[in-house]
There are 2 protein chains.
Amino acid sequence: MINKLISNIQKTGAPIVVGLDPMLKYVPEHIQKQAFAEYGETLKGAAEAIWLYNKEIVDHVYDLISAVKPQIAMYEQFGIEGLIAFQKTVNYCKEKGLVVIGDIKRGDIGSTSEAYAVGHLGKVQVGSNAYYGFNEDFVTVNPYLGSDGVNPFIKVCKEEKKGLFILVKTSNPSSGEFQDRLIDGRPLYEIVGEKVAEWGAECMGDSYSYIGAVVGATYPEMGKVLRKIMPKSFILVPGYGAQGGKGADLVHFFNEDGLGAIVNSSRGIIAAYQQEKYAKFGAEHFGEASRAAVEDMIADISGALQSR
Amino acid sequence: MINKLISNIQKTGAPIVVGLDPMLKYVPEHIQKQAFAEYGETLKGAAEAIWLYNKEIVDHVYDLISAVKPQIAMYEQFGIEGLIAFQKTVNYCKEKGLVVIGDIKRGDIGSTSEAYAVGHLGKVQVGSNAYYGFNEDFVTVNPYLGSDGVNPFIKVCKEEKKGLFILVKTSNPSSGEFQDRLIDGRPLYEIVGEKVAEWGAECMGDSYSYIGAVVGATYPEMGKVLRKIMPKSFILVPGYGAQGGKGADLVHFFNEDGLGAIVNSSRGIIAAYQQEKYAKFGAEHFGEASRAAVEDMIADISGALQSR
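In this text the structure is predicted, and so the values were computed from the model without any measurement. (Residues numbered from 1 in each chain as written. Chains lettered and ligands numbered in written order. Predicted model: local features only at pLDDT ≥ 70, side-chain atom pairs only at ≥ 80, totals over all residues. Heavy atoms only, no water.)

A. Fine view of the overall build of chain A. Helix and strand content of chain A: 13 helices and twelve strands. Expressed along its principal axes, the backbone C-alpha trace of chain A runs to roughly 60 × 55 × 35 Å. Counting across all 308 residues of chain A, residues that qualify as buried make up 64%. Contacts in chain A between residues at least 24 apart in sequence constitute 73% of all its contacts with a sequence separation of at least 6. Taken as a whole, chain A presents about 10300 Å² of accessible surface, with 50% of it coming from carbon and sulfur. (Helix = DSSP H or I, 4+ residues; strand = E, 2+ residues; numbered from the N terminus. Buried < 20%, exposed > 50% of the residue type's maximum accessible area, 1.4 Å probe, protein only. Contact = heavy atoms within 4.5 Å. Areas by Shrake-Rupley, 256 points an atom, 1.4 Å probe, with all protein chains shown as cover.)

B. Up close: helix α9 (residues 188–201) of chain A. Residues and elements named next belong to chain A. Taking 1.5 Å per residue, 14 residues should reach 20 Å; α9 reaches 20 Å between its end C-alpha atoms and fits that length. In terms of burial, α9 is largely enclosed, as ten of its 14 residues are buried. Within α9, burial applies to Leu188, Tyr189, Glu190, Ile191, Val192, Gly193, Lys195, Val196, Trp199 and Gly200. (Expected span 1.5 Å × (residues − 1).)

C. Quick peek at the relation of the copies chain B and chain A. Under the fitted operation, chain B is carried onto chain A by 0.0 Å of movement along the axis and a turn of 180 degrees, and the coordinates agree to an RMSD of 0.0 Å. Between the two chains, the operation in question is that of a two-fold axis. Of every C-alpha in chain B, the one belonging to B:Ile183 sits nearest the axis of rotation, 2.6 Å from it. The residues that chain B uses at the interface reappear at the interface of chain A in 100% of cases, marking a shared surface. (Least-squares fit on C-alpha atoms with pLDDT ≥ 70 in both.)

D. Structural detail: the interface of chain B and chain A. Each side of the interface is counted separately: chain B has 72 residues, and chain A has 72 residues. Applying the counting criterion to the chain B and chain A interface returns eight salt bridges. Two residues, A:Arg181 and B:Asp184, come together in a salt bridge whose shortest N-O distance is 3.6 Å. The interface formed by chain B and chain A includes 35 residue pairs in polar contact (both at pLDDT 80 or more). Sort the elements by how many residues they give to the side of chain B that touches chain A and helix α6 (residues 110–120) of chain B lands first, with seven residues. Broken down by class, the residue content of the side of chain B that touches chain A amounts to 36 nonpolar, 25 polar and eleven charged. (Salt bridge = Lys/Arg side-chain N within 4 Å of Asp/Glu carboxyl O. Polar contact = N/O pair within 3.5 Å; in protein donor to acceptor, adjacent residues only side chain to side chain. Nonpolar A, V, L, I, M, F, W, Y, C, P; charged D, E, K, R; others polar.)

E. Local environment of the pattern of salt bridges. All told, the structure shown has 42 salt bridges over all chains when counted by the stated rule. A salt bridge links B:Lys105 to B:Asp103; the shortest N-O distance between them is 2.9 Å. Like B:Lys105, the residue B:Asp103 is buried in the burial classification. Linking B:Lys158 and B:Glu202 is a salt bridge whose minimum nitrogen-to-oxygen distance equals 3.0 Å. In this pair, B:Lys158 sits in helix α7 (residues 147–160) while B:Glu202 sits in the loop between α9 (188–201) and β10 (211–215), placing the two residues 44 residues apart along the sequence. A single network of salt bridges, built from pairs that share partners, joins A:Lys69, A:Asp103, A:Lys105 and B:Asp108.

F. A look at the packing of aromatic side chains. Residue and element names in this part refer to chain A. The final tally for this structure, using the stated rule, is 14 aromatic pairs over all chains. Measuring from centroid to centroid gives 4.9 Å for Tyr208 and Phe234, while their planes differ by 75 degrees, and the two rings are edge-to-face. Separated by 26 residues along the polypeptide, Tyr208 in the loop between α9 and β10 (211–215) and Phe234 in the loop between α10 (220–229) and β11 (235–237) bring together distant segments of the chain. On the basis of relative accessibility, which here comes to 2%, the residue Tyr208 falls in the buried class. Members of the aromatic cluster, each reached through a chain of ring pairs, are Tyr53, Tyr273 and Phe286. Across the ring face of Tyr62, the terminal group of Lys96 is positioned such that the distance to the ring centre comes to 4.4 Å. (Phe/Tyr/Trp six-rings, centres within 6.5 Å; stacked < 30°, edge-to-face > 60°. Lys NZ or Arg CZ within 6 Å of the ring centre and 35° of its normal.)

G. Structural context of the sheet that holds strand β1 (residues 16–18) of chain A. Residues and elements named next belong to chain A. Read around the closed barrel, the eight strands follow the order β1-β2-β3-β6-β7-β10-β11-β12; overall the barrel is parallel. Sheet analysis places β1 next to strand β12 (residues 261–265), joined by three bridges and oriented parallel. Residue pairing in the sheet places Val18 in a bridge with Ser265 of β12. (Pairing = 2+ DSSP bridges.)

H. Structural context of the side chain of B:Thr140. Residues and elements named next belong to chain B. If you trace the backbone, Thr140 turns up in strand β6 (residues 138–141). A distance of 2.7 Å separates polar atoms of two side chains, one belonging to Thr140 and the other to Asp103. Here the side chain of Thr140 touches Ile104 through a polar contact of 3.0 Å, landing on its backbone nitrogen. In contact with Thr140, not counting residues within four places along its chain, are Ile101, Gly102, Asp103, Ile104, Lys105, Arg106, Phe165, Val214 and Leu236.

I. Layout of the state of the cysteines. Residue and element names in this part refer to chain A. Enumeration over the complete set of coordinates arrives at zero disulfides over all chains. The thiol of Cys203 is not disulfide-bonded; the next cysteine sulfur, from Cys157, is found 6.7 Å away. Judged by its relative accessible area of 2%, Cys203 is buried. (Disulfide = S-S within 2.5 Å.)

J. Structural context of the packing of helix α2 (residues 29–39) of chain A against helix α3 (residues 43–61) of chain A. Residue and element names in this part refer to chain A. It is the contact of α2 with α3, at a shortest axis distance of 8 Å, that shows an interaxial angle of 140 degrees. Taken together, the axes of α2 and α3 are oblique relative to one another. Considering only the axes of α2 and α3, their crossing is right-handed. The segment α2 lies against α3, with Ile31, Gln32, Gln34, Ala35, Phe36, Glu38 and Tyr39 engaging Lys44, Gly45, Ala46, Glu48, Ala49, Leu52, Tyr53 and Glu56. Here the residues of the contact of α2 with α3 are counted per class, giving eight nonpolar, three polar and four charged. (Axes fitted to C-alpha atoms, helices over the stretch in contact; angles between N-to-C directions. Parallel < 35°, antiparallel > 145°, perpendicular 65-115°, else oblique. Left-handed = near helix turned anticlockwise from the far one by under 90°.)

K. Region of interest: the sheet that holds strand β1 (residues 16–18) of chain B. All names here are of chain B. Reading around the circumference, β1-β2-β3-β6-β7-β10-β11-β12 is the order of the eight strands in this closed barrel, with parallel pairing throughout. Examined bridge by bridge, β1 and strand β2 (residues 67–68) share two bridges and lie parallel to one another. In the sheet register, Val17 faces β2, and the bridge partner there is Ala67. The strands that α9 touches are β7 (163–169) and β10; relative to β7, the one it contacts most, it runs at about 165 degrees. The strands touched by helix α10 (residues 220–229) within the sheet are β7, β10 and β11 (235–237), with β7 carrying the most contacts at an inclination of about 130 degrees.

What follows is the structure, encoded as structure tokens:
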């Protein structure tokens, strides 16, 4: 699946992932009205609204981008109905040829981590049948529990040729509370980064590992160091746009081959029509606003990569 | 909700939580047959099997225990159908008067953590209506992202009078890879424990905080230190029984008032009928085997507490 991600990046020229993190306040009123007319102001109505919203965005941007990253929390908040919308979104994006990164940040131990891995990447056995659960291509994983938590995911990745992005240095302001603490003079995130490189060495695709890392765009200097610690790991970079990261900050997340990183933007793309810059499209044409925002993001990142 | 947990513990004399972590291999054949006869060897069939299994166990033990801890991964592996079984289990246990600790180990940042908090503990707004998603009483949370990840959960806990157990020192063998690393001469788990105490001070119940910690039974010496660092936090203690923890190891997790900890056993209780010790009950009477195992666990822990 890392090979497919790279091939998508090379085909589109866009190391870009769109975060499908729908909040109801982003969903244009006409879409909400349509969903609520059918199902009422219910969880099912909310789930229908975010599904219709996602679909229209994906229809407008799928040919420009490599991957999508639905954030499962935004669906899980609507309970079962929300998770049905998550599943529909995953399936639809895969039909469109996109790589789907489930942003689930799961992490547990032993058989429990295995259950998450099976439910999101692999197949679960029921009697003599095996079924995919949510069937994403990659998922994000929290490393706090150590190898016992990560190895069951790696096992399923090997079987299914799928991949992980492991949290190393997250984009939020307080990520340093634990991640930056010094251990033998080096920050925890570097220690975690070394582990990612070690785990990744077991699972190589053609040129990069199936096992990548999450490093926030908001910490470019740390990205530079981590890029060297994990040379064969793709870095998923959140925090572009709304969280403050800019194209010029991102060059150090990439290797000399122009690969090795994929930059996520969520709100900046999916709610582009709410920004002054794209207001001219109007809420009715929110999909076109998202497309324009993707084009601008590609130009920003490509420009920064070319001028380095 | 911490007050209800304490009142349940005082009523039953059992600081015990049963981990409802059903794997199909634990579910007796007659239950699997019954479920598959109705729904086939499908995800729905599997979900029905674990629901019937859970219900029979709960019916046999609910009057002896304080709380249950369903591990959501074991349901999530069966996709949407599994999560419906999770929801039925949560609701059923609450009807039985049990405190429900959703073992979800979520953790993200800002609005995303808020979405998890809303989906599992609080209410989500849809137009003019507000709905509970999964509606557990407590959830487990991963601290790796720092305060930005935890504060949105705390906000919802305050609104709903619900609680958290934050991962501090997990029970697995490799938990030390990151958690034991020394920072200024002290292990990371102590630094996290201090944060838990700080977060907990904001959310006090009558005698303990809504904000507790997870510390594995397999690390009793560390439990002793953490007990002192977080005097007002309840400690959820996994790793009893199948993972190797014994009653005598657990006394240091409790305060002098006999409170402050709640000990979890999963496999040791729910799959008791598969152990030699309880084999006499037979698979048909697996609920009675679970009841006997709970009685033995209470005797072990009470004995250890009384003789300290």
